[in-house]
Amino acid sequence: MIQQSSTSAAQAGGVAAPPPTGTVRLTINGQQHTLQIAPWTTLLDALREYVHLTGTKKGCDHGQCGACTVLVNGKRINSCLSLAVMHEDHDITTIEGLGSQENLHPLQQAFIDHDAFQCGYCTPGQICSAQGLINEGRAHTEEEIKEHMSGNLCRCGAYAGILNAVKEVVDSKSSESRR
Amino acid sequence: MSTTNYIGKPTSRVDGPAKVTGAATYAAEFHVPNMAYGWVVSSPIAKGRITKVHADEVLAIPGVLEVFSHENVPGLAWFDRNYKDDVAPGGSPFRPLHEDKIKFNQQPIALVVAETLELARYASSVLRIDYEEEAHETDIEAKRDEGFEPGRGKSGWMPPPPPRGNPDQAWEEAEHHIEHEYVHGAQHHNPMEMYGATVEWRGDKKLTVYDKTQGVVNVQNYLTKIFGLSKDDCRVINQYMGGGFGSGLRPQYSVFLAVLASLELKRSVRVTLTRQQMFSFGHRPHTLQYVKLGTNPDGTLAAIQHHALHETSQFEEYTENVVNWSGMLYQCENVKLGYQLAKLDVFTPQDMRAPGAATGSFALEVAMDEMAAAAGIDPIDFRIRNYAEEDQNAGKPFSSKRLRDCYHQGAAKFGWDQRNPQPRSMRKGNRLVGYGMAGGVWDATQKKAAAKATLTADGKLLVSSATADIGTGTYTIMTQIAAETLGLPLEAVTFKLGDTDMPEAPVQGGSWTAASVGSAVKSVCEAIGEKLLKLAQKMEGSPLKGASIDEVEFVNGQIRLRQDPDNAVVIRDVLQASGETKLETDTSATPNLLKQATHSMHSHNAVFVEVEVDEEFGTVHVTRVLNAVAAGRILNPKTARSQVLGSIVWGISMALMEETVMDHQFGRYMNHNYSEYHIPVQADINDIEVLFVEEEDDVVNPLGVKGVGEIGLLGVAAAITNAVYHATGKRVRDLPIYLDKLL
Ligand code: FES
Ligand code: FES
């Protein structure tokens, strides 16, 4: 819920002042955060600039690159295309919530093993997207993974490694579920 | 058996865990207290004058702190030389917010600073600015006849060598000859991370600048010269970089503006660019090339002529080596090379991965394919018949060159013998299949670089140098070199970079980091080794007494006699026995010019491509690429392979997708975003592979490494173009190969 804060939407010399900020409560990686932000602050900017969880990256701010992919209730979304205020009742998982350097998530380990990145800037988005893909349960073959990972650009061109890393984890998951 | 020999072994990135967990912090991500946000306003016109900035209107919005523009920017350094960064081309560098003149579209003309990102962005969107427009020219086609030969270019640029032999007559009299024009439009680097800087105000004009750059030292020099800061007060840091590809060689206006605002407002400021603004600075220039080739009856080249004309800005003469390669890749006695620039109302182009060579090798290598076809010779056979045993431009032998092995091994692995030479002769269902090949050459360069090493009593080694890792693997290979040189386990070694408090290193470019910083790391570790040996010899009953440094080796955490490895001392014990808490030294490595002066030093490659072209739709699928690379010693096959794989993706992009489209009516790039500036996605990439043909080379540098950041791009676009010809019988000479060119 947005609550009106004390500053009013005053007219400023012919230029309208923007709407006031309000309180937004977000649950990120299992932790509660209370933020004082504008109603038009994106989830991406809320994460990066207000919660200081900078693992989620900004590559375009327009839903064109996938660098900002996070999981909302287990579903992958472009956090730059979504406003923070829309997610008050949701479970938000970012790359920081998937694993840590001491305790890597299987996808994180697979990305290292397959050298699935160079600069690493698209990587958190790729990994969150891959987790979202696994949650969707629809990609099994290489062709399917390629298609459904195509919303995440990698300018370094690490696609071969990314495919192998995701495939390895997808395969291990499906052999687990067969057991 | 030794376990500390890491050089040449596939090694996972040591910075991997930080990158996959989001712990790696990039320039615009540093959290500093009391920070304001700056948002850049870009010019909507290509040429003219700003008549008024209505700053007062947005300053009235609560939370907006300042609007910086030429109207209020304080007097900064006056001379051009203050604005010249270490890799600037000739001419007069662009000065942000310096004057009312607009010289190119999207020129930064104001910076709005506010308490929050949202406010700064909003205020910049409603800031009114009045202009007076002037006529502009952004089309190189209109300047075909106004090309000029550049004066002094940027460092590393060589004017084409003078003609040799009798190229005109030889071409006329050749048994077979071809002549064609080859074109590609402007391309933008578009690294995933957008440019940005976080400037931390530490009080009293003291700044820590976190900036996205391929060279912290270059940025520090630039900032201190312009803003009159001492180096101690202007520390520049960049530990992780979300891609560069050349775009971060020169300091960007984002860091200039962030520092300006920080000094004026006396507080910390962050400025990040938008994806649209990533098209507002350097690019690979739109280039027109003309190539004439002729052959003798025996299939040797009778003549090579190659001329290039590309754009530059009105204020700087950007130069790159486009045509010179054509005088050295093949043996030919009659060669004429020409190179010209044309001034347009655009920002100065900038080095973009294999600058010049990516452009030149496209034209030369497609022309070579056309020539081979005209002469009825297999394209590989044609290249081998014209193999250059020495660099005829320089009149020097190569320090090493295994390009012939790239041809042979690559062709065998690819299955070139399955190719029916006849175009349109191979198909799979409704898809035409084509095989094509091409190749290229790139410089192997070593620059002066320095490094520092500290070995502590717990046996841990810290090595540092103010270099960069733009995704290339610098962290990892330097750790490998240091660990192997001192015989320490990889886990005991930490390599740090990207901080002007560290010993100086050149910008990361030109594929020279492995050679330059690698040599410095090796030499500083050797210096630590010598100190260690001296201390070891002082130990009671030391088995190393009297041994010279050449008689010992550092392996498995020990110093031991080469002849008698059982006589060994544990490195950790040495420091502890000596009572020293640490050993520390710094040193720099410089190229051995005496050795290098007599040789031409280059990496080479040969690329083999299979395409499938849908006959009805003209869509091109690159189904297989094999890139055979001869680039000296490969320090880390895992990260080196990734660099070449990345280059293959870049080559596919260059051939089929990438082009920044200028609307000349507005003088503005129209597709300035990721959805309309096309680069490959996961689904576009199929079977791509790398083959390293290793070379031994003790001339290039002590490590024998030539660098792999750029060589892999060469020839890829040409090989795809040649494969498309083989599949369809259609020869495309202007990139990218959109489907309409095949229908
Ligand atoms: S930053 Fe969200 S899709 Fe690019
Ligand atoms: S690793 Fe650099 S963009 Fe993907």
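Here, every reference points to the structure presented above.
Calculation rules
- Residues numbered from 1 in each chain as written.
- Chains lettered and ligands numbered in written order.
- Predicted model: local features only at pLDDT ≥ 70, side-chain atom pairs only at ≥ 80, totals over all residues.
- Heavy atoms only, no water.
- Helix = DSSP H or I, 4+ residues; strand = E, 2+ residues; numbered from the N terminus.
- Rg over C-alpha atoms; globule rule 2.2 N^0.38 Å.
- Buried < 20%, exposed > 50% of the residue type's maximum accessible area, 1.4 Å probe, protein only.
- Contact = heavy atoms within 4.5 Å.
- Areas by Shrake-Rupley, 256 points an atom, 1.4 Å probe, with all protein chains shown as cover.
- Lys, Arg positive; Asp, Glu negative; His and termini not counted.
- Charge placed at Lys NZ, Arg CZ, Asp CG, Glu CD.
- Salt bridge = Lys/Arg side-chain N within 4 Å of Asp/Glu carboxyl O.
- Pairing = 2+ DSSP bridges.
- Axes fitted to C-alpha atoms, helices over the stretch in contact; angles between N-to-C directions.
- Buried area = accessible area lost by both parts, 1.4 Å probe.
- Polar contact = N/O pair within 3.5 Å; in protein donor to acceptor, adjacent residues only side chain to side chain.
- Phe/Tyr/Trp six-rings, centres within 6.5 Å; stacked < 30°, edge-to-face > 60°.
- Lys NZ or Arg CZ within 6 Å of the ring centre and 35° of its normal.

Moving on to the overall build of chain B. Within chain B one finds 16 helices and 33 strands. By the compact-globule yardstick of 27 Å for 743 residues, chain B fits well, its C-alpha radius of gyration being 27 Å. Projected onto the principal axes, the alpha-carbon positions of chain B cover approximately 80 × 75 × 50 Å. By residue count, 66% of the 743 residues in chain B fall in the buried class. Counted over contacts in chain B with a minimum sequence separation of 6, partners at least 24 positions apart contribute 80%. A total accessible area of about 25300 Å² is found for chain B, and carbon and sulfur atoms account for 48% of it. In chain B, 72 side chains carry a positive charge and 94 a negative one; their mean positions are 3 Å apart.

We now examine the pattern of salt bridges. Scanning the entire structure with this criterion turns up 49 salt bridges over all chains. A salt bridge links Arg155 of chain A to Glu658 of chain B; its shortest N-O distance comes to 2.9 Å. In this pair, Arg155 of chain A is assigned in the loop between helix H5 (142-148) and helix H6 (159-178) and Glu658 of chain B in the loop between helix H15 (637-656) and strand E30 (662-663), connecting two distinct chains. In this pair, the class of Arg155 of chain A matches that of Glu658 of chain B, namely buried. One salt bridge in this structure joins Glu181 of chain B and Arg144 of chain B, with 2.8 Å as the shortest N-O distance. With Glu181 of chain B in strand E8 (residues 176-184) and Arg144 of chain B in the loop between strand E7 (129-133) and helix H5 (167-173), the pair connects residues that are 37 residues apart, well separated along the chain. Through salt bridges that share partners, Asp45, Lys58 and Asp61 of chain A together with Arg121 of chain B make up one connected network.

So, about the sheet that holds strand E12 (residues 268-272) of chain B. All names here are of chain B. Spatially, seven strands are ordered E3-E6-E1-E12-E9-E10-E11 in an open sheet, and the strand pairing comes out mixed. Whereas interior strands pair on both sides, the edge strands pair on one side only; in this sheet they are strand E3 (64-69) and strand E11 (234-237). Ignoring which end each strand starts from, the neighbouring axes of this sheet average 20 degrees apart. When strand E9 (residues 196-201) meets strand E10 (residues 207-211), the two strands line up antiparallel, connected through five bridges.

All names here are of chain B. The topology assignment puts Thr467 in the loop between strand E22 (461-465) and helix H11 (474-486). By relative accessible area, Thr467 is classed as buried at 3%. As a C-alpha pair, Thr467 and Leu403 span 64 residues in sequence and 30 Å in three-dimensional space.

If you look at the interface, chain A gives 57 residues, while chain B gives 67 residues. Regarding the contact of chain A and chain B, the summed buried area is about 5000 Å², with carbon and sulfur atoms giving 59% of it. Sorting the residues of chain A by area buried against chain B places Gln118, Arg155 and Tyr159 of chain A first, and these three jointly supply 17% of that buried surface. Remark: the boundary between chain A and chain B carries seven salt bridges. A salt bridge links Arg13 of chain B to Asp115 of chain A; its shortest N-O distance comes to 2.6 Å. One can count 30 residue pairs in polar contact (both at pLDDT 80 or more) joining chain A with chain B. Only strand E2 (15-16), helix H1 (43-50), helix H2 (95-98), helix H3 (106-113), helix H4 (123-136), H5 and H6 of chain A provide two or more residues apiece to the side of chain A that touches chain B.

Another point: the packing of aromatic side chains. Scanning all chains against the criterion turns up 23 aromatic pairs over all chains. Ring geometry for Phe245 of chain B and Trp650 of chain B: centres 4.6 Å apart, planes at 50 degrees, overall tilted. Pair noted here: Phe245 of chain B is in the loop between E11 and helix H7 (253-265) and Trp650 of chain B is in helix H15, with a separation of 405 residues, a long-range link. Grouping residues by exposure puts Phe245 of chain B and Trp650 of chain B together as buried. Here the aromatic cluster, defined as three or more aromatic residues joined through ring pairs, consists of Tyr121 of chain A together with Tyr26, Tyr240 and Tyr475 of chain B. When the ring centre of Trp650 of chain B is taken as origin, the NZ or CZ atom of Arg155 of chain A, which lies over that ring, is 4.1 Å away. In this structure, Arg731 of chain B packs its charged tip against the face of Tyr725 of chain B, placed 3.9 Å from the ring centre.

The next subject is the pairing of strand E21 (residues 449-456) of chain B. All names here are of chain B. Within E21, six of the eight residues are buried, which leaves the element mostly enclosed by the surrounding structure. With four bridges joining them, E21 and E22 adopt antiparallel strand pairing. The residue of E22 that forms the bridge with Ala453 is Val463. Taking the residues between adjacent antiparallel strands as the criterion, E21 and E22 are bridged by four residues, where Gly459 takes a positive phi near 80 degrees.

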